[in-house]
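What follows is the residue order along each chain.
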Amino acid sequence: MADNTSPTVPAAKKPGLEERLMSLLDDRKRRYPVYAILILGTLLVPSIGDNYVLEILSNSFFYIVLCLGLNIVVGYAGLLDLGYAAFFAVGAYTTGILTSHYGWNFWLTIPAALVFAIIAGVIIGGPTLRLRSDYLAIVTLGFGEITRIVARNLKDITGGPSGLIGISRPSFFGLELNQIHHYYYAFFILVLLAIFASYRLQHSRLGRAWQYVREDEDAAEAMGIDRVAIKLYAYVIGAVFAGVAGCFFAAKMTAISPDSFQFMQSATILMAVVLGGMGKIPGMVVGALSLVLFPEVFREIGSMRMLVFGVVLIAMMIFRPQGIWPERRN
């Protein structure tokens, strides 16, 4: 006698909160209203927050721009860069030198900073992008240290160990940007531009080439992709992001020194990229915010907050090595 019983079909697992949130923001029809609400809420923060809150959020926006730039190198192209602060230093020193020594207008220093950032990207990228993994990491680390040491020793140009002081603040249609909420909005606009550029790059022909090179360089080269040129583009575009951020950093601080561009700065930016989820734009935002806000939230426990932060990072790398908001790969 035939068995007419049908096999039991296991019930579908209900998506968790994280899956529902990611699905919401990945859906093009539903994510734009969410983005609009987030942008509107961010624009209203200065009307309800004090200077301390604006300072913390401005630093967060600054790191978001840097993380988006490094994400092009690390997340999109799959390269390891331990000297990313060097590109940030190039932009900051370009603005500082041109405004303090030669009296340039701040806005005119940005194109100059872009040019020098591109040159720096070519200098580090051209000779070294045939290297891989650990060797590439060591070379980029050396480049970052060379840049910092050069800035420390060129006393007549960079101010030496004391750095540059008296960097003039920019003005916008007659309004001098000298308040914290001015730079809050300025860095927020940079974040929006960086997100837009990152999104367009990710879904462009160049972005797809970066993904192919990241997954398998040999297969990408067999498909006709010039992997050396593609990697160089990643370094140059990532350097542009950092150079622009450096310009506004110098204008906001009105003083810069080589100590602002140490290896720990590069390591911090890389840590935020890995923590957020390499290759994912929302992950860069979450990673940078976590890196800046966590120590501030737990500031009351003093030096122990860094110990707690370190333990949380270790736990993240053990239980969720792909990051808080990882890229979905098919």
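In short, a report on the structure.

So, how was this worked out
Residues numbered from 1 in each chain as written. Predicted model: local features only at pLDDT ≥ 70, side-chain atom pairs only at ≥ 80, totals over all residues. Heavy atoms only, no water. Axes fitted to C-alpha atoms, helices over the stretch in contact; angles between N-to-C directions. Helix = DSSP H or I, 4+ residues; strand = E, 2+ residues; numbered from the N terminus. Parallel < 35°, antiparallel > 145°, perpendicular 65-115°, else oblique. Left-handed = near helix turned anticlockwise from the far one by under 90°. Contact = heavy atoms within 4.5 Å. Nonpolar A, V, L, I, M, F, W, Y, C, P; charged D, E, K, R; others polar. Polar contact = N/O pair within 3.5 Å; in protein donor to acceptor, adjacent residues only side chain to side chain. Salt bridge = Lys/Arg side-chain N within 4 Å of Asp/Glu carboxyl O. Core = buried A, V, L, I, M, F, W, Y, C linked by side-chain atoms within 4.5 Å. Buried < 20%, exposed > 50% of the residue type's maximum accessible area, 1.4 Å probe, protein only. Phe/Tyr/Trp six-rings, centres within 6.5 Å; stacked < 30°, edge-to-face > 60°. Patch = residues over 30% accessible without salt bridge, like charges linked within 9 Å, V, L, I, M, F, W, Y side chains within 5 Å. Areas by Shrake-Rupley, 256 points an atom, 1.4 Å probe, with all protein chains shown as cover.

Details of the packing of helix α3 (residues 51-76) against helix α13 (residues 281-297)
Interhelical geometry of α3 versus α13 gives an angle of 140° and a closest axis separation of 8 Å. Classed by the angle they form, the pair α3 and α13 counts as oblique. As α3 runs across α13, the sense of the crossing is right-handed. Contact residues: α3 offers Y52, I56, N59, S60, Y63, I64, C67, L68, N71 and Y76, while α13 offers I281, M284, V285, A288, L289, V292, L293 and E296. Here the residues of the contact of α3 with α13 are counted per class, giving 14 nonpolar, 3 polar and 1 charged.

Observations regarding the side chain of T42
Along the chain, the position of T42 falls in helix α2 (residues 28-48). From its side chain, T42 meets the backbone oxygen of L38 in a polar contact 2.7 Å long.

Section: the pattern of salt bridges
As enumerated under the stated definition, the model contains 7 salt bridges in all. For R214, the salt bridge goes to E215, with nearest N and O atoms at 3.1 Å. With its nearest N and O atoms 3.2 Å apart, the salt bridge here joins R227 to E221. Each member of the salt-bridge network shares a partner with another, and the members are E217, E221, R227 and K231.

So, the nonpolar core
In terms of nonpolar packing, the biggest core is built from 85 residues, with L66 and F87 touching the most fellow members. Sort the elements by how many residues they give to this core and α3 lands first, with 16 residues. When neighbours within four sequence positions are excluded, F87 is seen to be in contact with D81, A117, A120, G121, I124, F143, Y235, A239, A242 and G243.

Here we look at unusual backbone geometry
For F173, which is not glycine, the phi dihedral falls at a positive 50°. Counting through the fold element by element, F173 comes out in the loop between β2 (171-172) and β3 (175-176). For T254, which is not a glycine, the phi torsion comes out positive at approximately 60°. Examined against the element boundaries, T254 turns out to sit in the loop between α11 (227-253) and β4 (255-256).

Description of the packing of aromatic side chains
For the structure on display, the rule yields 19 aromatic pairs. Measuring from centroid to centroid gives 6.1 Å for Y76 and W210, while their planes differ by 25°, and the two rings are stacked. Of the two residues, Y76 sits in helix α3 while W210 sits in helix α9 (residues 205-215), which places them 134 residues apart along the sequence. The residues Y76 and W210 share a single accessibility class, namely buried. Among the aromatic residues, those joined into a ring-pair cluster are F62, Y63, F88, Y93, F106, W107, F172, F173, F187, F248, F249 and F261.

Description of the environment of E55
Along the polypeptide, E55 turns up in helix α3. Along the chain, E55 and I180 lie 125 residues apart, while their C-alpha atoms are 6.6 Å from each other. Setting aside residues no more than four positions away along its own chain, E55 makes contact with I180 and K252. For E55, the side chain forms a polar contact with the side chain of K252, separated by 2.8 Å.

Overview of the environment of T95
Along the chain, T95 falls in helix α4 (residues 85-100). T95 sits in the buried class, given a relative accessible area of 0%. Sequence separation between T95 and F248 is 153 residues; the distance between their C-alpha atoms is 8.5 Å. If sequence neighbours within four positions are ignored, T95 has contacts with F106, T109, C247 and A250.

Concerning a nonpolar patch on the surface
A grouping of L293, V297, F298, I301, M304, L307, V308, V311 and V312 is seen on the molecular surface, where their side chains present a nonpolar patch of about 720 Å² in accessible area. Counting only elements with at least two residues in the nonpolar patch, the list comes to α13 and α14 (304-319). Among the structural elements, F298 can be located in the loop between α13 and α14. With a relative accessible area of 33%, F298 lands in the partly exposed category.

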